[in-house]
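Here is how the chains run, residue by residue.
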Amino acid sequence: MRIAVIAGSALLFGIGAANAADMAVKARPLPVAAQVFSWTGFYVGANVGGAWTPSSGSSDGGLLFPGFIVLPPVAGVITLVPGQTGTLAGDGRRSGVVGGGQIGYNWQVQQFVLGVEADAVGTGLKGGSASASRTFGAPLFAPAVTQTVTVDFGHVDWMASFRGRAGVTVDRALFYVTGGAAVAEIGGSRTTVVNGAGIAIPAGTFTATNGGSTTRWGWTVGGGVEWAFNPNWSLAGEYRYTDLGSRSVTFTVPDGFGGVLTTGTSSSRLTVEQATVRVNYRFGGPVVAKY
């Protein structure tokens, strides 16, 4: 009888242990899937920022400055300063606001992303200018008088680009480089003659508007970083350098009396640097699960 009781107890203990082990296995939680973001898909967006260009130009060295007359007391006697030749030179950087939109497609393989993008922006950017000045001071004139001639090569009405992109992801951040073709529409040129204080005849500022609106093709290269703050939305900062080549402009110099002093030719190399903030909406698939 004692042996039977011991055997029965052992059997019951074994069944209870097995049930407990089975309950422990059933209570074990399932593994949680890691959420992996994918950049693959089409996207559209908007951008805004600034652009700047170093202005450089040169002329053929022909007649550039119209003559003028200085009267007493600036001059001791009535003095005629004849016209003079000169050479135009760039007068420094020009800057302006740019803004527009972009559309593109990304394809992600592991942590690498390849893509294509097209964008277009309107600009408040002048396409370059060149100027020349001459100054006469004591003992001829007191105070000194200055005359300046400036040729503006035209406002950059819009710019667009068609580029490839390549980058690498770190979590939801995408670091990328980009490059491709660029095109811009540049308005006609304008010549301005400023006869400064002390010049009596003709006095003031005179302008001649020239033709020459043109579409220029070139290349662009740059890079940026993009951060996906939402499964569909991302924010990016991008810098690009664009070279649109050299442009020759025929300009007209007004004589200050309603006529034309001369015409000349000047060339300018147009390069644009731009930095923009970009917001994109992606139409790609949802975030996928990885176990």
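Thresholds, definitions, all that
- Residues numbered from 1 in each chain as written.
- Predicted model: local features only at pLDDT ≥ 70, side-chain atom pairs only at ≥ 80, totals over all residues.
- Heavy atoms only, no water.
- Helix = DSSP H or I, 4+ residues; strand = E, 2+ residues; numbered from the N terminus.
- Buried < 20%, exposed > 50% of the residue type's maximum accessible area, 1.4 Å probe, protein only.
- Areas by Shrake-Rupley, 256 points an atom, 1.4 Å probe, with all protein chains shown as cover.
- Salt bridge = Lys/Arg side-chain N within 4 Å of Asp/Glu carboxyl O.
- Phe/Tyr/Trp six-rings, centres within 6.5 Å; stacked < 30°, edge-to-face > 60°.
- pLDDT = per-residue confidence, 0-100.
- Contact = heavy atoms within 4.5 Å.
- Polar contact = N/O pair within 3.5 Å; in protein donor to acceptor, adjacent residues only side chain to side chain.
- Pairing = 2+ DSSP bridges.

Peer 1: Tell me about the overall build of the protein chain, and name the residues and values.
Peer 2: The helix and strand tally for the protein chain stands at one helix and 20 strands. For the protein chain, the residues scored as buried account for 40% of the 291 residues in total. Of the accessible surface of the protein chain, which amounts to about 14800 Å², a share of 67% is contributed by carbon and sulfur atoms.

Peer 1: Can you tell me about the pattern of salt bridges, naming the residues and giving the values?
Peer 2: Tallied over the entire structure, the rule returns 11 salt bridges. The partner of arginine 190 in a salt bridge is aspartate 152, and the shortest N-O contact between them spans 3.8 Å. Of this pair, arginine 190 sits in strand 15 (residues 190-195) while aspartate 152 is found in strand 12 (residues 145-152), placing the two residues 38 residues apart along the sequence. A relative accessible area of 12% means that aspartate 152 is categorised as buried. Between arginine 278 and glutamate 238 there is a salt bridge whose closest N-O contact spans 3.5 Å. Within this pair, whereas arginine 278 is found in strand 19 (residues 260-282), its partner glutamate 238 is found in strand 18 (residues 233-254), the two being separated by 40 residues in sequence. Arginine 278 gets classed as buried once you look at its relative accessible area, which sits at 2%. Among the residues examined, glutamate 238 registers a relative accessible area of 4% and is labelled buried.

Peer 1: Residues and numbers for the packing of aromatic side chains, please.
Peer 2: What the rule picks out here adds up to nine aromatic pairs. Taken together, a centroid distance of 6.3 Å and an interplanar angle of 85 degrees make the contact between phenylalanine 136 and phenylalanine 141 edge-to-face. Centroid distance tryptophan 227 to phenylalanine 229: 5.8 Å. Interplanar angle 45 degrees. Geometry classified as tilted. Residue phenylalanine 229 is classed as partly exposed on the basis of its relative accessible area of 42%. One aromatic cluster in this structure is built from Phe68, Phe136 and Phe141.

Peer 1: So what's going on with the confidence of the model for the protein chain? Which residues, and what values?
Peer 2: Confidence in the prediction of the protein chain, expressed as mean pLDDT, is 85, and 83% of residues score 70 or more. Every residue in residues 1-25 scores below 50 in pLDDT, and together they form zero contacts with partners more than four places removed in sequence or on other chains.

Peer 1: Which residues make up the side chain of arginine 165, and what values go with them?
Peer 2: Mapped onto the elements of the fold, arginine 165 is located in strand 13 (residues 155-170). For arginine 165, the side chain forms a polar contact with the side chain of asparagine 106, separated by 3.3 Å. The residues contacting arginine 165, other than those within four sequence positions of it, are Tyr43, Asn106, Val113, Leu114, Gly115, Glu117, Leu174, Tyr176, Val177, Thr178 and Glu226.

Peer 1: Describe the sheet that holds strand 12, naming the residues involved and giving the relevant values.
Peer 2: If you walk across this open sheet you meet the five strands as 8-11-12-15-16, and the pairing is antiparallel. One side of each edge strand has no neighbouring strand; the edge strands of this open sheet are strand 8 (89-90) and strand 16 (204-209). Pairing geometry for strand 15 and strand 16, over six bridges, is antiparallel. Bridged to asparagine 195 within strand 16 is glycine 204.

Peer 1: Any chance you could break down unusual backbone geometry for me, citing the residues and the numbers?
Peer 2: Between alanine 138 and the following residue, proline 139, the backbone shows a cis peptide bond with an omega angle of 5 degrees. Within the fold, proline 139 resides in the loop between strand 11 (129-136) and strand 12. Each neighbour pair has its own omega, and for isoleucine 201 with proline 202 the value is -15 degrees, a cis peptide bond. On the secondary structure map, proline 202 appears in the loop between strand 15 and strand 16. A positive phi is found at glutamine 110, a non-glycine position, where the angle reads about 55 degrees. One can find glutamine 110 in the loop between strand 9 (92-109) and strand 10 (112-126). Even without being a glycine, aspartate 171 presents a positive backbone phi close to 60 degrees. Residue classification places aspartate 171 among the exposed positions, given a relative accessible area of 71%.

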